[in-house]
Amino acid sequence: MKNLLPVFVAAIVFGQSAHAKAPNVVVDIAPIYAIAAQVMEGVGTPTLIVEQAASPHDFSLRPSHARGLQNADVVFSVSPDLTPWLVKSLETLANGAEIVFLAEVSGTNLLEAREEEEHADEGGHAHGEFDPHSWLDPENAVLWAGEMARILTKIDPENGSVYKENVATFEAQMAALAQGIQEGFSDLGGVEYFVYHDAFQYFEKRFDVPSFGAITDTEAVDPGPRRLQEVRDKIAQSNVKCLAVEPGFRSGNLDAIAPNGGLDIVQMDPLGATLPLDKNLYGATLANMAQALAACLKR
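Attention here is on the structure that accompanies the text.

Rules behind the numbers
- Residues numbered from 1 in each chain as written.
- Predicted model: local features only at pLDDT ≥ 70, side-chain atom pairs only at ≥ 80, totals over all residues.
- Heavy atoms only, no water.
- Core = buried A, V, L, I, M, F, W, Y, C linked by side-chain atoms within 4.5 Å.
- Buried < 20%, exposed > 50% of the residue type's maximum accessible area, 1.4 Å probe, protein only.
- Helix = DSSP H or I, 4+ residues; strand = E, 2+ residues; numbered from the N terminus.
- Contact = heavy atoms within 4.5 Å.
- Salt bridge = Lys/Arg side-chain N within 4 Å of Asp/Glu carboxyl O.
- Expected span 1.5 Å × (residues − 1).

## Quick notes on the nonpolar core
- Counting residues in hydrophobic clusters, the biggest one holds 80 residues, and the most contacted among them are Ile-32, Phe-76, Trp-135, Phe-185, Phe-203, Tyr-282 and Leu-293.
- Top element by residues in this core is helix H11 (residues 281–297). It accounts for eleven residues.
- Not counting residues up to four positions away in its chain, the partners in contact with Ile-32 are Val-27, Phe-76, Val-78, Leu-102, Trp-135, Trp-144 and Met-148.
- Of all hydrophobic cores here, the second largest spans 13 residues; its members include Phe-194, Ile-215, Leu-228 and Val-231.

Structure follows, in structure tokens:
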């Protein structure tokens, strides 16, 4: 799996001469920025709202973000469930823009939230009916890139062929990347893993690497004593060797989860928080997650 990263860096279509004024595109999170930047390559660049190191679940808009929304021609956001705080701002600040919730695009693969089954005793749902982390399925990303191109072509028909070619390139890159990830997950030998925050369901399902369970359904709230005891019991009765965490995980929590040790920590970053903010971030995010998890499971 070590050669995944170059797969989508090469063969970028730079497009033709740019339109006199590129559409003003605003996006919510960094992976969506990367997809939009791929589609807009050679024409313009999008504007990001949620900074890479911040949580999309409870972000606070700054004046610069408000100005960006006021000037937007189109806003691409994953879903109101991921960024509920953004909905009212879109209504008041971006009333002149086309608002596109990508998870609502026809054909998007949506998975039901798993919180009710696993964490009802700890306080209920953190999100809505569907798991909002839908960008972690690359087939959704390709579908959304096509929708972005369709909408941008409507706004900027002069560069329609550029958007179309860029989508075709992105689709080919994602197909090659997905194949490489799938091959990297072969022969895992029955090793199991937990995830700390239930953010990876789409990645797990797409690449057939199901986790043994999530410890908490929200990154903002630590699990309660009852949940921790359930997790400790499952670990003791299973072949769990790895715990997948996101950047910012407090290592002191590990003692409560596995007081006798024996769990390897693997960092999986679904937002690309530490990656350069450019068109390659989306593919690099998936590749890095896959490489880290595969390395842990094969130890």
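Structure's up, so let's keep going.
## Side note on the pattern of salt bridges
- As enumerated under the stated definition, the model contains six salt bridges in all.
- Salt-bridge contacts for Glu-147 lead to Arg-150; the nearest nitrogen and oxygen are separated by 2.8 Å. Of the two residues, Glu-147 and Arg-150 both sit in helix H6 (residues 138–155), three residues apart, roughly one turn of that helix.
- One salt bridge in this structure joins Arg-227 and Glu-230, with 2.9 Å as the shortest N-O distance. Placement of the pair is Arg-227 and Glu-230 together in helix H9 (residues 225–236), with a separation of three residues, close to one helical turn.
- Three or more residues joined by partner-sharing salt bridges are found here, namely Asp-137, Glu-139 and Arg-206.

## Concerning H11
- The terminal C-alpha atoms of H11, which comprises 17 residues, lie 24 Å apart, in line with the 24 Å expected from a rise of 1.5 Å per residue.
- In terms of residue burial, H11 counts as a mostly covered element, since 13 of its 17 residues are buried.

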